[in-house]
Amino acid sequence: MHVSIVWHDKSFNILLHSSEGKEAFLEIKGCRIQQSQKGEFVSAPSTKNPTTGKYWNHAYLNQAFQSKVLDLAKASQPKQEIELKTFSDLGEDIPF
């Protein structure tokens, strides 16, 4: 089995293929990397029960699979560009 990750802004999709280069036979959409007291983990898509406030996952990822997905997701995660402003960016037309 081959696992691939496709990022969409801050979430990603997990695609499962029978082998590399083959069409995906299963796709889990809307996963995220989350932080907890125990460390990072992959959060599968979920729905919140409005009555109880409890979240219900749409997919369960066992520890071994979650570890592999976390490694792949972190390795392929797009780098966020930080826009730094400096005084030279302000230009010369400051009125004071």
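Owing to the predicted nature of the structure, the values given are computational and were not obtained by experimental measurement.

On to the overall build of the protein, then. Secondary structure assignment for the protein yields one helix and six strands. For the protein, the succession of helices and strands along the chain, N to C, is β-β-β-β-β-β-α. Sequence separation of at least 24 residues holds for 30% of the intrachain contacts in the protein that already meet a minimum separation of 6. As displayed, the protein has an accessible area near 7900 Å², and 52% of this comes from carbon and sulfur atoms.

What follows concerns the pairing of strand S1 (residues 2-8). In this structure, S1 lies alongside strand S2 (residues 11-17), joined through seven bridges in antiparallel fashion. Bridge assignment links Trp7 to a residue of S2, and that residue is Phe12. Between S1 and S2, which pair antiparallel one after the other, the connecting turn spans two residues, and Asp9 there sits at a positive phi close to 60°.

Right, let's talk about the sheet that holds S2 for a bit. Taken together, four strands build an open sheet; the order of strands is S1-S2-S3-S4 and the sheet is antiparallel. The sheet is open, and its two borders are formed by S1 and strand S4 (39-43), each paired with just one other strand. Between one strand axis and the next, the sheet turns through 30° on average, direction left out of account. Summarising the sheet, strand S3 (residues 24-36) and S4 pair through five bridges and their orientation is antiparallel. In the sheet register, Gln34 faces S4, and the bridge partner there is Phe41. Each of S1, S2, S3 and S4 is contacted by helix H1 (residues 63-76), which is oriented at about 50° to S1, the strand it contacts most.

Reading guide: rules and limits
Residues numbered from 1 in each chain as written. Predicted model: local features only at pLDDT ≥ 70, side-chain atom pairs only at ≥ 80, totals over all residues. Heavy atoms only, no water. Helix = DSSP H or I, 4+ residues; strand = E, 2+ residues; numbered from the N terminus. Contact = heavy atoms within 4.5 Å. Areas by Shrake-Rupley, 256 points an atom, 1.4 Å probe, with all protein chains shown as cover. Pairing = 2+ DSSP bridges. Axes fitted to C-alpha atoms, helices over the stretch in contact; angles between N-to-C directions.

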